[in-house]
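Here's the letter readout for the chains.
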Amino acid sequence: MFDSLMYFLTVWTQPELLFLVGLGTLAGIYVGAIPGLSVTMAVSILISFTFSWDVYPAISLMIGTYMGGVYGGSRTAILLNIPGAPSAIATAMDGYPMAQKGEAGVAIGVTTVMSFVGGLIGILVLAVAAPLVSDFALGFQPRDYMLLAVLGILLVGSLSGGSLLKGIFAGAFGIAIGAVGMDPLTFTERFTFDTQLMRGGVSFIAVMIGMFGVSEALHQLHHIDTPAVKQKIGRIVPSWGVVRKYLPLSMQTSTIGVVIGALPGTGGDIAALMAYDHAKRVTKNPEVPFGEGAMEGLVAPETANNAAVGGAFIPMMTLGIPGDAVTAIMIGALFIHGLNPGPMLMIDKPDMFWFIVGALSLANCFMLIFGLTGIRVFTKIVEMPRAVLIPLILLLSIVGAYAVNNSITDIYWMLGFGVFGYFMKHYDYPLGPVILGVILSRLLDDNWRRAIISERESLPRFFEGIITSPLSLTLFVAVILIFVSQTPLWGSVKSRLARKAA
Amino acid sequence: MSRNLISAIVALGLTATVAVAQDYPTKEIQGIIQWGAGGSTDTVMRAVTPGAEGVLGGSVVMQNMTGGVGAIALNYVADADADGYTVLMGAENPLLYKVMGLGDKDYSDFTPINLLARGTPILVAGPDAPFGTYPEMLAYIQEHPGEVKFGSTGPGGLPSVVTAMISSTTELDVIFVPYDGDGPALTALQGGAIDVMPAVLGASVEGIRAGTMKPLVVFDIEASAALPDVPTITSTNPEFEAFLPWGPFFGVFVKNGTPDDAVAKLSAAYAEAAQGQDFIDLMAGRGFTMMNISGDEAQAFLTKWQQNTAWLMDDAGLTKVSPADFGIARP
Amino acid sequence: MTPPKTRKSGELAFAAFLSLASLVLLYNAYAISGFEALSAPGAIPMATTLVMVITTAIIFIKTNRAKPDGETSFWVDIMPLRIAVVTLMLIGYALALKPIGFLPTSAVFLLVVIKYLSRRSWAFSIGISLLSLVIIYLVFRIVFTVLMPAGIVPEGEALAWVRTLFSGAN
């Protein structure tokens, strides 16, 4: 116990490590905020960069970058309606309307404090219950992942805004985009039209930058001459009363974040969207409606995506299995530094586990500090004249789309989806479900096929499998309930019941 | 800021003369990694390249380029100029692209700089599997046809080659559940979604040590130093000797037609980097066998590997096009 | 049900385009593997494109029934000159990037678009474009070592030369 505490405190007490975590967090916030610079990319580069360092400083820098990056995505989502990272897509839905009302300072303040809360819960679960959670996560079978994906797809209802029909189309379109290219399971070509160009598939980041960056920039050209909204920067740090009010919700959404983060194959992006949907479901009377600047719409995704960070480390530390793309790279980093990540790591090297927990919690604190101090500079960005801001956003979108895969093809995709997204926006087709579809496409498709192959292509056996497993059954019932609650039928039943009760 | 700007402008003006005066490398070399960040190929390349950079006196910018079973990266390098500034960091898969109908290019369009190491296949099972050795597994499959679930990673991957070896010696009535890499498949094995997985030894060694998966047999002639107690397949089934030793490998390549000077410099740099003690320890720890070969020796290895594997797959009926159509001779 | 809806200019054409595109994609999805098996690689694509065809068909019928709103005009409200010009500039950028290279293409793009949109002086536009380009170059090229297409500018060599200059001085 005493040893664990010592290892935990290593990073807090050594000035060099303390500095590196801080530096990483600060850099991470900017990496996360710029669409096209991703944490995955930054951490891969850090592997080469820190190659000759000792393992502690190297990991310190990476963890700082990771924590800061996940949080940083919310900045541009709130200020420009352009999520800096996929996990901030849901944040834009209520954050940007707040910025339009001049409340960007408040929005960023709440986001920062709630990210801290989420991060803290993720780390706590990692420290206290890692083996338990990883056993649970390991138990997910292909059919459970499939049901989880179906559950995710039902979020289309929450993300559609006006027309559910257009939302369903957008979601299906997203799933189809995700299928383009060489199928990773059978190497069959799908939607490639026999061209080399399409074989590599469509980069998900390119779709996101196009639909949210370019189409938003084009859209804002309509209002180029309207002066930018003056941002009120009064009280940035939310009062204790505000934090307390959202604490129950943030506990629930953080739990969603940890579990989704801990599952290998799902990460902060899905967690944030699911949390947003959850908040919409449980918040009966928001002060401001969702989509127009509801505080709950900020709290939910931001707690969830930061809680997912701690979650992602759970399978990594206990089993050597990555919880998401960034932890996959960090496992590689541990290998390079002579450690053997795997089920034995926690037994062979308990210092490493507690060191990482310590570094994560330190990074979380730095995130809170940097998050609350640099706001003034950031809000100046939105007050820049649009005639300068929009060309810069366009150039950044292009460079960002290219940077993901060093591919000019991705720039074409990005621009194509940008212009297409611009038209969709104009004719009231929601863009959120497209991204949701792309994110969930592989999860749904791959696991459906695995599940049905495992049951020798027999649907009765497939359903028998669902009914006999408690986990699958729970997920299945959740799918049915959420589906029913979204259909018009449920509305009429509910009102009839209410009438009876009255 | 303004100082940077000035130096950049000055530099632009002077470049034309500088470029001629210096030898290779005069700018960053782009290293295209065929597989995603965090995978085996990625880890190996990111571990060996810093050493090579030191010898070269230049920097190598590594970039993961995924998709199309590695074909996207291969085509990218093949489409770039043959000037030694775009390097392919890949694995064995391209040698099977032609017969699997996945592309019309393979390593014959490239010059090997260094074949770093090769892996050993191993058959692992879940910890609760009702069998503990290869013969027991075959007997169990015989009694329960169509029930045991094997993990696979698509046509041409290591599991498909190992399964082709097995099914060319005996009948194998099992379900193949596809995964997009041995990492996710081994995770599924520990969670009970599949029962048996042919994997590369390095990826499973930690799980075996911890008892979360059970080793059945090593597909090699000699026992592995990393897992000396696991029996070799030839100790029970000598008929496998014809296929072995076989394994996936990692290599660094440039496009054919690259200047000899660049090839020589790159080869020397990677050969020296592969001798670094840290790198050797890393590879040994993951159960890889060091090769560190280049030039004609590497070329001969590639040719032999392709002949053996392509015909093995063809005999098992797993190819789309016969190797003979591409002039790949039967070994 | 909300009574008679109106449609924007071009909305019907967009809906028609989506319906046709969905049909093409459905045919494509069928061509992947047909009705081979529940686990076939074409199964999910077929299901999703079928959903696309059904939803776009209903949307098309509904939009067709809606009256044109009579207020919006395509070239004023949906694609005014300003947006059309910027879109064309973007396409031009994409085409010029590989042959000409990142630095000159981006400089020209930023300069022209900022000048066009802001209607400020040339000095202002040149100053802002160069400053932002330098920052973007430093962040992406130097810190994140993203190798943008060099095109006609041998910036890789220039950079290596600058680096030797600095390492030589130390």
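## A closer look at the nonpolar core
Thinking step 1. Ranked by size, the top nonpolar core spans 160 residues in total, and within it Met211, Met424 and Tyr429 of chain A together with Phe102 of chain C carry the most contacts.
Thinking step 2. Considering each element in turn, this core owes the most residues, 13 residues, to helix H19 (residues 386-405) of chain A.
Thinking step 3. Counting contributing residues per domain, this core is built from domain 1 (6-77) and domain 2 (80-169) of chain C, each supplying no fewer than three.
Thinking step 4. Contacts of Met211 of chain A, omitting those with residues within four sequence positions, involve Glu216, Phe417, Gly418, Phe420, Gly421, Met424, Leu431 and Val434 of chain A.
Thinking step 5. Among the nonpolar cores identified, the runner-up in size contains 142 residues, and Ile336 of chain A together with Val200, Trp246 and Leu282 of chain B belong to it.

## A look at the pairing of strand S5 (residues 121-125) of chain B
Residues and elements named next belong to chain B.
Thinking step 1. The buried fraction of S5 amounts to five of the five residues, a majority that puts the element mostly inside the structure.
Thinking step 2. Here S5 shows no split at all, with Pro121, Leu123 and Ala125 on one side and Ile122 and Val124 on the other all buried.
Thinking step 3. By the bridge criterion, five bridges tie S5 to strand S8 (residues 196-200) in an arrangement that is antiparallel. What sits directly across from Val124, in S8, is Met197.
Thinking step 4. Two strands pair when backbone bridges link them, and S5 and strand S9 (residues 214-218) are joined in this way by four bridges, in the antiparallel orientation. Across the sheet, residue Ile122 finds its bridge partner in S9, namely Val218.

## Side note on the interface of chain A and chain C
Thinking step 1. Taken together, the contacts link 62 residues of chain A with 66 residues of chain C.
Thinking step 2. The contact between chain A and chain C buries some 5,500 Å² in all, and 81% of this surface belongs to carbon and sulfur atoms.
Thinking step 3. When the buried area of chain A at its contact with chain C is split by residue, Phe191, Leu395 and Tyr427 of chain A rank highest and sum to 13% of it.
Thinking step 4. Two residues, Glu11 of chain C and Lys166 of chain A, come together in a salt bridge whose shortest N-O distance is 3.4 Å.
Thinking step 5. If you look at where chain A meets chain C, you find nine residue pairs in polar contact (both at pLDDT 80 or more).
Thinking step 6. Counting only elements with at least two residues in the side of chain A that touches chain C, the list comes to helix H3 (39-49), helix H9 (164-179), strand S2 (189-190), helix H11 (204-220), H19, helix H20 (408-426) and helix H21 (432-454) of chain A.
Thinking step 7. Top contributing element to the side of chain A that touches chain C by residue count: H19 of chain A, with twelve residues.
Thinking step 8. In terms of residue class, the side of chain A that touches chain C is built from 47 nonpolar, six polar and nine charged.

## Quick look at the pattern of salt bridges
Thinking step 1. Counted by the stated rule, this structure contains 22 salt bridges over all chains.
Thinking step 2. We note a salt bridge from Arg461 of chain A to Glu455 of chain A, for which the minimum N-O separation is 3.4 Å.
Thinking step 3. Arg461 of chain A gets classed as partly exposed once you look at its relative accessible area, which sits at 33%.
Thinking step 4. Look at Glu455 of chain A and you get buried, because its relative accessible area is 14%.
Thinking step 5. Salt-bridge contacts for Arg209 of chain B lead to Glu206 of chain B; the nearest nitrogen and oxygen are separated by 3.3 Å. One end of the pair is Arg209 of chain B and the other is Glu206 of chain B, both in helix H8 (residues 201-210) and three residues apart, which spans about a single turn.
Thinking step 6. Owing to a relative accessible area of 44%, Arg209 of chain B belongs among the partly exposed residues under this scheme.
Thinking step 7. Taken together, the salt bridges that share partners define one network made up of Asp183, Arg190, Arg442, Asp445, Asp446, Arg449 and Arg450 of chain A together with Asp180 of chain B.

## Looking at the sheet that holds strand S1 (residues 29-33) of chain B
Residue and element names in this part refer to chain B.
Thinking step 1. Strand order in the open sheet formed by six strands is S2-S1-S3-S10-S4-S11, and the pairing between neighbours is mixed. With partners counted over all chains shown, the strands left at the sheet margins are strand S2 (60-64) and strand S11 (289-293), one partner each. For this sheet, the mean inter-axis angle between neighbouring strands, taken without regard to orientation, is 20°.
Thinking step 2. Relative to S2, S1 is paired through five bridges, and the arrangement is parallel.

## Some details on the confidence of the model for chain B
All names here are of chain B.
Thinking step 1. Summary statistics for chain B give a mean pLDDT of 85 and a share of 93% for residues scoring 70 or more.
Thinking step 2. Per-residue pLDDT stays below 50 along residues 1-21; that stretch engages in 18 contacts with residues further than four places along the chain or on separate chains.
Thinking step 3. Across the interfaces of the predicted complex, the ipTM metric reaches 0.90, alongside a pTM of 0.86.

## Topic: the environment of Glu206 of chain B
Thinking step 1. For Glu206 of chain B, a relative accessible area of 8% corresponds to the buried category.
Thinking step 2. When the C-alpha positions of Glu206 of chain B and Arg286 of chain B are compared, they lie 8.8 Å apart, and in sequence the two are 80 residues distant.
Thinking step 3. In contact with Glu206 of chain B, other than residues within four places in its own chain, are Asn340, Pro341, Gly342, Pro343 and Met344 of chain A.

## Quick word on the packing of H19 of chain A against H20 of chain A
To characterise two packed helices, one gives the angle between the axes of the helices and the distance between these axes.
All names here are of chain A.
Thinking step 1. Running from N to C, H19 and H20 point in directions that differ by 135°, and their axes come no closer than 8 Å. Taken together, H19 and H20 sit at an angle that is classed as oblique. The handedness of the crossing between H19 and H20 is right-handed. On H20, the residues touching Ser397, Ile398, Ala401, Tyr402 and Asn405 of H19 are Ile408, Asp410, Ile411 and Met414.
Thinking step 2. Here the residues of the contact of H19 with H20 are counted per class, giving six nonpolar, two polar and one charged.

## Examining the interface of chain A and chain B
Thinking step 1. Counting from both sides, the interface comprises 39 residues of chain A and, opposite them, 43 residues of chain B.
Thinking step 2. Together, the buried faces of chain A and chain B total about 3,500 Å²; carbon and sulfur atoms form 61% of this surface.
Thinking step 3. Summed over the three residues of chain A that lose the most area to chain B, namely Phe187, Phe335 and Arg450 of chain A, the buried surface amounts to 17% of that side.
Thinking step 4. Along the contact surface separating chain A from chain B lie two salt bridges.
Thinking step 5. Note that Asp180 of chain B and Arg442 of chain A form a salt bridge whose closest N and O atoms lie 2.3 Å from each other.
Thinking step 6. Run the count over chain A and chain B and you get five residue pairs in polar contact (both at pLDDT 80 or more).
Thinking step 7. Elements with a contribution of two residues or more to the side of chain A that touches chain B: H3, helix H10 (196-199), helix H15 (325-336), H19 and H21 of chain A.

## Some points on the domain arrangement of chain B
Residue and element names in this part refer to chain B.
Thinking step 1. Domain annotation of chain B identifies domain 1 (2-118 + 248-326) and domain 2 (121-242).
Thinking step 2. Using only C-alpha atoms to locate each centre, domain 1 and domain 2 end up separated by 29 Å.
Thinking step 3. Across the contact, 14 residues belong to domain 1 and 15 residues belong to domain 2.
Thinking step 4. A combined buried area of about 1,100 Å² lies between domain 1 and domain 2, and 71% of that area is made up of carbon and sulfur atoms.
Thinking step 5. Area buried by domain 1 at its contact with domain 2 is led by Pro248, Arg286 and Leu312, which between them contribute 34% of it.
Thinking step 6. Along the contact surface separating domain 1 from domain 2 lie zero salt bridges.
Thinking step 7. The tally of links from domain 1 across to domain 2 stands at one residue pair in polar contact (both at pLDDT 80 or more).
Thinking step 8. At the level of elements, helix H11 (277-285) and helix H12 (295-315) are the ones that each hand at least two residues to the side of domain 1 that touches domain 2.
Thinking step 9. Here the side of domain 1 that touches domain 2 gets three residues from one element, more than from any other, and that element is H12.

## What to know about unusual backbone geometry
The general pattern is negative phi for most residues beyond glycine and trans for most peptide bonds.
Thinking step 1. The residue after Tyr24 of chain B, namely Pro25 of chain B, is reached through a cis peptide bond having omega -5°.
Thinking step 2. For Pro25 of chain B, the position within the fold is in the loop between helix H1 (2-21) and S1.
Thinking step 3. The omega torsion of the bond from Leu244 of chain B to Pro245 of chain B falls at -5°, within 30 degrees of zero and hence cis.
Thinking step 4. With a phi angle near 50°, Phe191 of chain A is a residue other than glycine that sits in the positive phi range.
Thinking step 5. On the accessibility criterion, Phe191 of chain A (3% relative accessible area) is buried.
Thinking step 6. A positive phi is found at Arg119 of chain C, a non-glycine position, where the angle reads about 55°.
Thinking step 7. Within the element layout of this structure, Arg119 of chain C appears in the loop between helix H5 (102-118) and helix H6 (122-143).

So, how was this worked out
Residues numbered from 1 in each chain as written. Chains lettered and ligands numbered in written order. Predicted model: local features only at pLDDT ≥ 70, side-chain atom pairs only at ≥ 80, totals over all residues. Heavy atoms only, no water. Core = buried A, V, L, I, M, F, W, Y, C linked by side-chain atoms within 4.5 Å. Buried < 20%, exposed > 50% of the residue type's maximum accessible area, 1.4 Å probe, protein only. Helix = DSSP H or I, 4+ residues; strand = E, 2+ residues; numbered from the N terminus. Domains from an automatic or database assignment. Contact = heavy atoms within 4.5 Å. Pairing = 2+ DSSP bridges. Buried area = accessible area lost by both parts, 1.4 Å probe. Salt bridge = Lys/Arg side-chain N within 4 Å of Asp/Glu carboxyl O. Polar contact = N/O pair within 3.5 Å; in protein donor to acceptor, adjacent residues only side chain to side chain. Nonpolar A, V, L, I, M, F, W, Y, C, P; charged D, E, K, R; others polar. Axes fitted to C-alpha atoms, helices over the stretch in contact; angles between N-to-C directions. pLDDT = per-residue confidence, 0-100. Parallel < 35°, antiparallel > 145°, perpendicular 65-115°, else oblique. Left-handed = near helix turned anticlockwise from the far one by under 90°.

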